[in-house]
Amino acid sequence: MTGRLLGSGRSADVYEIDEAWVLRRDREGWGDAAAEGAVMAYVREHGYPVPRVRPSGSRTELVVERLAGPTMLAVLLSGEMGAEEGGALLASLLRRLHAVPGRDPADPGARVLHLDLHPDNVMLTPDGPRVIDWTNAEDGPPGLDWAMSAVILAQVAVGEMPDVHALLAALLADPSELTEDGLAEALRRRALNPTMSHREVELLGEAEKLIRRLTGL
């Protein structure tokens, strides 16, 4: 049994179970909770900061450790964290993730990719940041992960929140893994994302231009 609704995103709701655990339920039926939980358990075993997970027996429900603390987005909006610090934190989380050994011995260059790492998917707990929402995670080249985070932020920067420009610039201050192929694939995936509005898709061209200006790609 689940308790009260704690929050809702574009495709999922989070419910209280008890003081230690919450249940995330996919409303649209797109996700694979078992696969997502396996990715989270794998990176956690290698020291990456993610919540604990436990089996739920459902493809659309994931039982996750209940975390204390605000999202990174909330702290940025309140002014308690500056854009430069926020961008540097996102960059460090990407680098730490890509330092985790890949899961496919046949593809030594592949790493676990989050593919949705942005300030609303980072919880700032008393024990440090924790990365949540691994629905999109897969194995692949790190350049795609960098590009997805950059495109997400760039869409916001050229849209309703130009202040995010500074956050994006800090993320890309040392874009060692951002690649041309990664950027092209990230733009393609965002354009096909069914949760995106028509306006968000329209902003992709300007978002790409901003990323290229900042990186010289």
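As shown above, the structure is provided for reference.
Residue positions within a chain follow its written sequence, with the count starting from 1. The predicted nature of this model means local features are confined to residues of pLDDT at least 70 and side-chain atom pairs, given and counted, to a pLDDT of 80 or more, with totals for whole chains, interfaces and linings taken over all residues. Each side-chain value is derived from all of the structure's non-hydrogen atoms; neither hydrogens nor water enter the calculation.

S.K.: For the nonpolar core, give the residues involved together with the corresponding values.
M.R.: The set of buried Ala, Val, Leu, Ile, Met, Phe, Trp, Tyr and Cys residues whose side-chain atoms join them within 4.5 Å is what this entry labels a nonpolar core. Categorising residues by exposure relies on relative accessible area from a 1.4 Å probe, with only protein chains included: less than 20% of the type maximum marks a residue as buried, more than 50% marks it as exposed, and the intermediate range marks it as partly exposed. Counting residues in each nonpolar core, the largest one holds 52 residues, and the members touching the most others are Val-43, Tyr-48, Met-72, Trp-134, Leu-168, Leu-171 and Ile-211. Broken down by element, the residue count for this core peaks at 9 residues, all from helix H4 (residues 142-157). Contact definition: two residues touch when any of their heavy atoms are within 4.5 Å. Not counting residues within four places of it along the chain, the set of residues in contact with Leu-171 comprises Gly-87, Leu-90, Ala-91, Leu-94, Trp-146, Ser-149, Ala-150 and Leu-153. For the purposes of this entry, the term helix denotes a DSSP run of H or I that reaches at least four residues, the term strand denotes a run of E that reaches at least two, and both are numbered from the N terminus.

S.K.: Before we move on, can you summarise unusual backbone geometry with the specific residues and values?
M.R.: With phi around 70°, Leu-115 is a residue other than glycine that occupies positive phi space. Along the polypeptide, Leu-115 turns up in the loop between strand E6 (111-113) and strand E7 (122-125). Judged by its relative accessible area of 3%, Leu-115 is buried. With a phi angle near 60°, Asp-133 is a residue other than glycine that sits in the positive phi range. In this structure, Asp-133 sits in the loop between strand E8 (128-131) and strand E9 (138-140).

S.K.: Go over the pairing of E7 with me, naming the residues and quoting the values.
M.R.: Residues Val-122 and Leu-124 line one face of E7 and the alternating positions Met-123 and Thr-125 line the opposite face, and both faces are buried. As defined by bridge partners, E7 adjoins E8 across 4 bridges and the pair is classed as antiparallel. Bridging across to E8, Thr-125 finds its partner in Gly-128. Strand pairing is assigned whenever DSSP identifies at least 2 bridges connecting the two strands. Between E7 and the antiparallel strand that follows it, E8, lie 2 residues.

S.K.: Lay out the sheet that holds strand E4 (residues 53-54) with the relevant residues and their values.
M.R.: Spatial ordering of the open sheet is given by E1-E2-E3-E5-E4, a layout of 5 strands whose pairing is antiparallel. The open sheet is flanked by strand E1 (5-8) and E4, the only strands paired with a single partner. With 5 bridges joining them, strand E2 (residues 12-16) and strand E3 (residues 21-26) adopt antiparallel strand pairing. Residue Asp-13 lies in a different strand from E3, and its bridge partner there is Arg-25. Fitting a line to C-alpha atoms yields each axis, with helices limited to the stretch in contact; the angle taken between N-to-C directions then spans 0 to 180 degrees. Set on the sheet, helix H1 (residues 33-45) makes contact with E3, E4 and strand E5 (61-65); between it and E5 the angle comes to about 25°.

S.K.: So what about helix H8 (residues 204-215)? Which residues, and what values?
M.R.: Between its first and last C-alpha atoms H8 spans 16 Å; for 12 residues at 1.5 Å apiece the expected length is 16 Å, and the two agree. Along H8, the residues that are buried comprise Leu-204, Ala-207, Leu-210 and Ile-211. Axial view of H8: buried residues confined to an arc of 120°, hence all on one face. On its buried face, H8 sits against H4, helix H5 (164-171), helix H6 (180-192) and helix H7 (198-202). Remark: Gly-216 follows H8 within two positions and exhibits a positive phi of approximately 80°. In a helix, the anticipated span is given by 1.5 Å times the number of residues less one. Directions pointing from the helix axis toward each C-beta atom define the arc.

S.K.: I'd like a rundown of the environment of Lys-209, residues and numbers included.
M.R.: With respect to the element layout, Lys-209 can be found in helix H8. The exposure class of Lys-209 is partly exposed, given its relative accessible area of 47%. Sequence separation of Lys-209 and Ala-137 is 72 residues, and the distance between their C-alpha atoms is 26 Å.

S.K.: Go over the environment of Glu-61 with me, naming the residues and quoting the values.
M.R.: Tracing the backbone through its elements, the reader meets Glu-61 in strand E5. Glu-61 gets classed as buried once you look at its relative accessible area, which sits at 18%. A C-alpha to C-alpha distance of 8.3 Å links Glu-61 and Asp-32, two positions 29 residues apart in sequence. When sequence neighbours within four positions are dropped, the list of residues in contact with Glu-61 reads Leu-23, Arg-24, Arg-25, Ala-33 and Ser-56. Identification of polar contacts relies on pairs of N or O atoms within 3.5 Å, with a donor-acceptor requirement for protein atoms, meaning one able to donate a hydrogen and the other able to accept it, and with residues adjacent in sequence counted only if both atoms are side-chain atoms. Among the polar contacts made by the side chain of Glu-61, one reaches the side chain of Arg-25 at a distance of 2.6 Å.

S.K.: Run through the pattern of salt bridges, naming residues and quoting values.
M.R.: What makes a salt bridge here is a side-chain nitrogen of Lys or Arg within 4 Å of a carboxyl oxygen of Asp or Glu, nothing more. All chains considered together, the criterion is met by 14 salt bridges. A salt bridge links Arg-212 to Glu-180; the shortest N-O distance between them is 2.4 Å. Of the two residues, Arg-212 sits in helix H8 while Glu-180 sits in helix H6, which places them 32 residues apart along the sequence. Classification of Arg-212 by relative accessible area gives partly exposed; the value is 24%. The residue Lys-209 makes a salt bridge to Glu-206 at a minimum N-O spacing of 3.4 Å. One end of the pair is Lys-209 and the other is Glu-206, both in helix H8 and 3 residues apart, which spans about a single turn. Overlapping salt bridges, with partners in common, bring together Glu-138, Glu-185, Arg-188 and Arg-189 in one network.

Read these as layout, nothing more, since geometry by itself doesn't imply function.
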